[in-house]
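Each chain, written out:
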Amino acid sequence: MTSPSAPLTILCLPGSTREGSYNRHLLRFCAAQLRDLGASTTIFELRDHPIPLYDGDEEKEGGPPENAIKLSDALRAADGLLIVTPEYNAGVPGVLKNAIDYVSRVRDAEGETAFDGLPVGLASASPGRLGGIRSLGHLRPILVQLGCIVSPLQACIGGAHEILDQDGRPTVDALAALLDESLRSLLRLAAALKD
Ligand SMILES: Cc1cc2nc3c(=O)[nH]c(=O)nc-3n(C[C@H](O)[C@H](O)[C@H](O)COP(=O)(O)O)c2cc1C
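What counts as what
- Residues numbered from 1 in each chain as written.
- Predicted model: local features only at pLDDT ≥ 70, side-chain atom pairs only at ≥ 80, totals over all residues.
- Heavy atoms only, no water.
- Helix = DSSP H or I, 4+ residues; strand = E, 2+ residues; numbered from the N terminus.
- Expected span 1.5 Å × (residues − 1).
- Buried < 20%, exposed > 50% of the residue type's maximum accessible area, 1.4 Å probe, protein only.
- Contact = heavy atoms within 4.5 Å.
- Near = heavy atom within 4 Å.
- Polar contact = N/O pair within 3.5 Å; in protein donor to acceptor, adjacent residues only side chain to side chain.
- Areas by Shrake-Rupley, 256 points an atom, 1.4 Å probe, with all protein chains shown as cover.
- Pairing = 2+ DSSP bridges.
- Right-handed = clockwise from strand over helix to strand, strands pointing away.

K.L.:
I tried to follow helix α7 (residues 173-193) on my own but got confused; where do I start?
P.N.:
Each turn of an α-helix holds 3.6 residues, which means side chains three or four residues apart point in the same direction. Compared with the 30 Å implied by 1.5 Å per residue over 21 residues, the 30 Å span of α7 between its first and last C-alpha is a close match. The set of residues buried in α7 consists of Leu179, Ser182, Leu183, Ser185, Leu186, Leu187 and Ala190. Residues of α7 that are buried sit in contact with β1 (9-14), α1 (22-36), β3 (80-85), β4 (119-125) and β5 (149-157).

Shown next, in the form of structure tokens:
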């Protein structure tokens, strides 16, 4: 008798720490969708695990901060990563970039970081019309540079203040379908790359 394979585990990381964040709201909906698709999910909240601004002198003295190591460990334990992030001044929010920078400094015995070979899915939300697409345009090459395998499909939800319902679901059918296909694509990627 064959035993059913373990569910894929996806770490969900929001790029906003704001209490009423549209991106955290959308991320929670995405996590629920991933679970409906058979995955297991963990949300890593940067608001609960603040990572100090990168400082090379502090790193030299004490190594990477505890929460950067926690995030690195959580990524290593996961089969894939989903990032849902706002766009700040047409780019990646500092809190997210700083977390990525510090995690990129946590290396294992082979010198690899948690990003090496990690499947990643991306989504963004903004009250603005572009939906944060410029943030993902900057984030993608950063993650590729770190060795992540980034899904080509992504969903950018514009007008988020109007179109996300109470569960964080986009009420515009085309956007909900794009988000669904993006999440499925992340799971296909994670399944293909799972050891
Ligand atoms: C410093 C800063 C810069 C911003 N720049 C952009 C921007 O370039 N494009 C955009 O669509 N929204 C921009 N916004 C608005 C954010 O999309 C909006 O505050 C959004 O609600 C933040 O995401 P959150 O709700 O998940 O916290 C900016 C907000 C801040 C605080």
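K.L.:
Would you explain the site of the ligand in this entry?
P.N.:
Around the ligand, a shell composed of 13 residues is seen, among which Arg18, Ser21, Glu87, Asn89 and Ser126 lie nearest. Ser21 is positioned with one of its side-chain polar atoms (N or O) 2.5 Å from an oxygen atom of the ligand. Computed on the free molecule, the ligand has an accessible area of 630 Å², of which 69% lies beneath the protein chains in the complex.

K.L.:
What am I meant to see in the pairing of β5 here?
P.N.:
A regular strand carries its side chains on alternate faces of the sheet. Sheet topology note: the β4/β5 ladder contains six bridges and is parallel. Its bridge partner being in β5, Ala125 is matched across the sheet by Ile157. Following the chain from β4 across helix α5 (residues 133-145) to the adjacent parallel β5, one finds a crossover that is right-handed.

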